[in-house]
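Tertiary structure, described
Listed below, chain by chain, are the residues.
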Protein chains: 2
Amino acid sequence: MEKSEGIERAAERCATGKTRLYVTADLAAGVPVQLGRDQAHYLLNVLRLKEGAPILAFNGRDGEWLCTLSEVRKKAASLLPERMTRAQEGLPDIWLLFAPVKKARLDYMVQKAAEMGAGVIQPVMTRFTNVARVKEERIEANLIEAAEQCGLLTVPEFREPQSLEKLLDGWSGQTPARRILFCDESAPPGSALAQLEGERGKGPFALLIGPEGGFAPEERERLLARDDTCALSLGPRIMRADTAAVAALAAVQLVLGDWRGDDG
Amino acid sequence: MEKSEGIERAAERCATGKTRLYVTADLAAGVPVQLGRDQAHYLLNVLRLKEGAPILAFNGRDGEWLCTLSEVRKKAASLLPERMTRAQEGLPDIWLLFAPVKKARLDYMVQKAAEMGAGVIQPVMTRFTNVARVKEERIEANLIEAAEQCGLLTVPEFREPQSLEKLLDGWSGQTPARRILFCDESAPPGSALAQLEGERGKGPFALLIGPEGGFAPEERERLLARDDTCALSLGPRIMRADTAAVAALAAVQLVLGDWRGDDG
C-alpha cells in the first residue's frame, strides 16, 4: 500500500477514533488473533503502530472488541482482544442489486452501499449493462474497507453476478419472500414518497438499480408484471447509477429502514 | 484531455442520447455560437464529431437547444442552434453547504450535488474541517460537467468558501429567509422522516453537511440555539461526508423537494 494512501486511511479512521480491522478469526478475551501479512504490514509499516496500540476488531459474529497490538515482530503481529465494546448486530435486511458500472464508479457504489446499510450486494446483468465482468476480489476488498471505516459490525455479503432473467426466474422461490423496489422512468413522477410509504410492513426489500441506459422494454414489462415489485420515480433529473444507489438507499432507509425509530 | 477520458465521457453521454454542452453565449435559432478552443478540441479531436453532428446546448438562460456542429476548421468550430428542445427552468432552490473534503471525494461531492438538484453549492469551514483551501476552478469545472451529463438546464451556482461563523453571522439578513437543515449526532435518532415532514412549507432550505470529525460543541450549540435550524439524524451508521451529502439531499428532495408531485 502506498504511504500516502495509508496516511489518508489513517486520517479517515480518526473520524471513528481508533483503527478498526475486520478479521476472520474468533474474538474472545485473552485469545490472540494472528494477523495476516498484509494487515500486519498495514498496521506496523503504514500506520506505524507500536506494541500495545489500541485497535478495534470485528468478525461479523462476535461483536466489536477492543484489542491491543501484540507480539510485534518485523513483519508479523497479533491482536490481543481485551473486552467487547459492542455486541454483535446484523446488518439491515436490505439488498442492493445493481447493474455493474465501470471500475471507479463501481468502487464508490460498493463502498457507499455498505455505508448506507445494505446487507447484501449483488451485481445484476441487464440488456443494457455495459460492463461484462466485475472483479469480485476488488469488490470484496472495498466492502471490507467500508465496513472497517464506517463502524459496521459485519461486512456486507457479496453475491456472484447473475442475469436479471435468472434472478427473476428464481426470485419467488426464496424465503423470506422479498419485494423488489426498482428505479424506473415508468414510475409515476413525484410519487416516490407515497410509493415507499405504501410499502410499509411489506418487507424485506431488495433495491434494484438498473444500468445507465435504463431497463429494456421486455425487462420493464417483466418487472411490472410481477406482484412483488414496485417502480420508484426518483425525481426529474438523470442520476448516474452510483448516485442513484446512494439516493435510493437513503429514501428506503428513511421511510422503511433504520433511519426510523420504533414509532416509524 | 486524455483520449481514454474522452471516450469514457462520450460513453457516459450515451445515457442521455446526444452530446450536451454548456455555453455562455446566447442561444437563438440560426445564430452561430463560436466554441472556445477547449470545447472545439473536445468535440473535434476527442469525440471526433463531424460537420452537422447534433449537439444539445444550454446556457442557464435560454433553455436547451438542438444545434449542429458548424464551420468546422482544424481547431475551431461553431454550434448552429436550430430549435429549442426544452424551455428554461430554474434549479431547485436547495443549497448545499458543506465542510470541504479532500480532492477526490470533493469532486464526487460536487458532481453528485448537481445530480441531486442543489441550486447553490458552498464550502463552509468549520473547526474540524481538515482542508484549508478548495480549488474553485476545479469545482466549477466539475459542476459544468455534471450539469452537461445529467441533463440540467443550468449550472449550479458555486459560492466562495466562508467560515461557519461568518455564514451564521450574516444568515438572518438574507431574503428569502432560509432554514438550515444540518446533519448531526445531537438529533434524536430515528426521527429524520418526522423532522423533514415537520419542515413542510417552511422552505426554502439549505442543507449543511459538517466535517468528518463532526461539529465542535460551540458550533452545535450555536446552530441549535437558532430558530431557523433543524438537526437531522441520518441513521445509525457513520457516513463519509460525500455519502452524507447525497443521502441527505435525497431525503430532502423526497420529502420537501421535487421528488414529490403537486400533491406532495
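Residues numbered from 1 in each chain as written. Chains lettered and ligands numbered in written order. Predicted model: local features only at pLDDT ≥ 70, side-chain atom pairs only at ≥ 80, totals over all residues. Heavy atoms only, no water.

In the nomenclature of an unreviewed UniProt entry, chain A corresponds to Ribosomal RNA small subunit methyltransferase E from the organism Tepidicaulis marinus. UniProt lists a comment for chain A under the heading Sequence similarities (unreviewed entry), and it reads "Belongs to the RNA methyltransferase RsmE family." Regarding chain A, the UniProt comment filed under Function (unreviewed entry) reads as follows: "Specifically methylates the N3 position of the uracil ring of uridine 1498 (m3U1498) in 16S rRNA. Acts on the fully assembled 30S ribosomal subunit." (UniProt positions renumbered as here; feature names shortened; annotations may be inferred.)

With respect to the overall build of chain A
A tally of regular secondary structure across chain A gives 8 helices and 12 strands. Over its C-alpha atoms, taken along the principal directions, chain A stretches across nearly 60 × 40 × 35 Å. Among the 264 residues that make up chain A, the fraction classed as buried is 55%. The long-range fraction of contacts in chain A, counting pairs at least 24 apart against all pairs at least 6 apart in sequence, stands at 75%. Counting every atom, chain A has about 11,600 Å² of accessible surface; 50% of that belongs to carbon and sulfur. (Helix = DSSP H or I, 4+ residues; strand = E, 2+ residues; numbered from the N terminus. Buried < 20%, exposed > 50% of the residue type's maximum accessible area, 1.4 Å probe, protein only. Contact = heavy atoms within 4.5 Å. Areas by Shrake-Rupley, 256 points an atom, 1.4 Å probe, with all protein chains shown as cover.)

Here we look at the pairing of strand β5 (residues 78-86) of chain B
All names here are of chain B. Bridge count for strand β2 (residues 33-34) against β5 is 2 bridges, and the pairing is antiparallel. Within the sheet, the bridge partner assigned to Gln34 lies in β5 and is Ser78. In this sheet, β5 lies alongside strand β4 (residues 64-70) in antiparallel orientation, the contact comprising 7 bridges. Its bridge partner being in β5, Thr68 is matched across the sheet by Leu80. (Pairing = 2+ DSSP bridges.)

Digging into the sheet that holds strand β3 (residues 54-58) of chain B
Residue and element names in this part refer to chain B. Strand order in the open sheet formed by 5 strands is β1-β3-β4-β5-β2, and the pairing between neighbours is mixed. At either end of the open sheet lies a strand with only one pairing partner, and these are β1 (19-22) and β2. Across the face of the sheet, helix α4 (residues 136-149) comes into contact with β1 and β3 while running at roughly 140° to β1. (Axes fitted to C-alpha atoms, helices over the stretch in contact; angles between N-to-C directions.)

Side note on the relation of the copies chain A and chain B
When chain A is fitted to chain B, the best match, at an RMSD of 0.0 Å, comes from turning it 180° and sliding it 0.0 Å along the axis. Viewed as a symmetry operation, the transformation between the two copies matches a two-fold axis. A shared interface surface links the copies, since 96% of the contact residues of chain A are contact residues in chain B too. (Least-squares fit on C-alpha atoms with pLDDT ≥ 70 in both.)

Examining the domain arrangement of chain A
Residues and elements named next belong to chain A. With domains assigned, chain A is organised as domain 1 (3-86) and domain 2 (94-256). On a C-alpha basis, the centroid separation for the pair domain 1 and domain 2 is 32 Å. At the interface, 13 residues of domain 1 touch 10 residues of domain 2. Scanning the region where domain 1 abuts domain 2 turns up 0 salt bridges. One can count 6 residue pairs in polar contact (both at pLDDT 80 or more) joining domain 1 with domain 2. Every element with two or more residues in the side of domain 1 that touches domain 2 is listed here: α1 (3-14) and β1 (19-22). (Domains from an automatic or database assignment. Salt bridge = Lys/Arg side-chain N within 4 Å of Asp/Glu carboxyl O. Polar contact = N/O pair within 3.5 Å; in protein donor to acceptor, adjacent residues only side chain to side chain.)

Re the interface of chain A and chain B
Interface size is commonly expressed as the accessible surface area that is lost when the partners come together. At the interface, 47 residues of chain A touch 45 residues of chain B. Roughly 3,700 Å² of surface becomes buried between chain A and chain B when both sides are summed, with 59% attributable to carbon and sulfur atoms. The largest per-residue losses of area from chain A upon contact with chain B belong to Arg237(A), Leu254(A) and Trp259(A), which jointly make up 20% of the total buried on that side. At the boundary of chain A with chain B, the tally comes to 4 salt bridges. The residue inventory of the side of chain A that touches chain B, partitioned by class, reads 22 nonpolar, 10 polar and 15 charged. (Buried area = accessible area lost by both parts, 1.4 Å probe. Nonpolar A, V, L, I, M, F, W, Y, C, P; charged D, E, K, R; others polar.)

Quick notes on helix α8 (residues 241-255) of chain B
In this model, α8(B) (15 residues) spans 21 Å end to end at C-alpha, consistent with the 21 Å of a helix rising 1.5 Å per residue. Most of α8(B) is tucked away: 15 of the 15 residues are buried. (Expected span 1.5 Å × (residues − 1).)

Some words on the sheet that holds strand β3 (residues 54-58) of chain A
Strand-to-strand pairing in sheets goes through backbone hydrogen bonds, with the strands running parallel or antiparallel. Residue and element names in this part refer to chain A. Reading across from one edge, β1-β3-β4-β5-β2 is the order of the 5 strands in this open sheet, with mixed pairing throughout. Lying at the two open borders of the sheet, with one neighbouring strand each, are β1 and β2 (33-34). Two elements, β3 and strand β4 (residues 64-70), share 5 bridges in a ladder whose sense is antiparallel. Within β4, the residue paired with Pro54 across the bridge is Thr68. Along the sheet, helix α2 (residues 37-46) makes contact with β1, β3, β4 and β5 (78-86), crossing β1 at roughly 175°. The sheet strands contacting helix α4 (residues 136-149) are β1 and β3, and the helix crosses β1 at an angle near 140°.

Examining the UniProt feature "domain: Ribosomal RNA small subunit methyltransferase E PUA-like" (unreviewed entry) in chain A
Under the present numbering, the feature "domain: Ribosomal RNA small subunit methyltransferase E PUA-like" (unreviewed entry) in UniProt falls on residues 36-79 of chain A. This span, residues 36-79 of chain A, is 23% helix and 32% strand, and a straight line between its end C-alpha atoms measures 11 Å.

Let's talk about the pairing of strand β7 (residues 120-125) of chain A
Residue and element names in this part refer to chain A. Extensive coverage of β7 is indicated by the burial of 5 of its 6 residues. When strand β6 (residues 94-98) meets β7, the two strands line up parallel, connected through 4 bridges. Each bridged residue has a counterpart across the sheet, and for Leu97 the counterpart in β7 is Gln122. A crossover links β6 with its parallel partner β7, the connecting element being helix α3 (residues 103-115), and its sense is right-handed. Pairing of β7 with strand β8 (residues 157-158) involves 2 bridges; the strand directions are parallel. Among the inter-strand pairings, Ile121 is bridged to a residue of β8, identified as Phe158. Handedness of the β-α-β unit built from β7, α4 and β8 comes out right-handed. (Right-handed = clockwise from strand over helix to strand, strands pointing away.)

Some remarks on the pattern of salt bridges
Taken as a whole and assessed by the stated rule, the structure comprises 34 salt bridges over all chains. A salt bridge links Arg20(A) to Glu64(A), with the shortest nitrogen-to-oxygen separation between them at 2.9 Å. Of this pair, Arg20(A) sits in strand β1 while Glu64(A) is found in strand β4, placing the two residues 44 residues apart along the sequence. The salt bridge partner of Asp242(B) is Arg105(B), with a shortest N-O separation of 3.2 Å. Of the two residues, Asp242(B) is situated in helix α8 and Arg105(B) in helix α3 (residues 103-115); the sequence distance between them amounts to 137 residues. The exposure classification of Asp242(B) matches that of Arg105(B), with both residues buried. A cluster of three or more residues bridged by salt bridges with shared partners is formed by Arg105(A), Asp242(A), Lys112(B) and Glu115(B).

Examining the nonpolar core
It is characteristic of soluble globular proteins that their nonpolar side chains tend to be buried jointly. Counting residues in each nonpolar core, the largest one holds 98 residues, and the members touching the most others are Leu96(A), Ile209(A), Leu254(A), Leu96(B), Ile209(B) and Leu254(B). When near neighbours in sequence (up to four residues on either side) are disregarded, Leu96(A) contacts Ala113(A), Ala118(A), Val120(A), Ile121(A), Gln122(A), Leu207(A), Ile209(A), Ala245(A) and Leu249(A). (Core = buried A, V, L, I, M, F, W, Y, C linked by side-chain atoms within 4.5 Å.)

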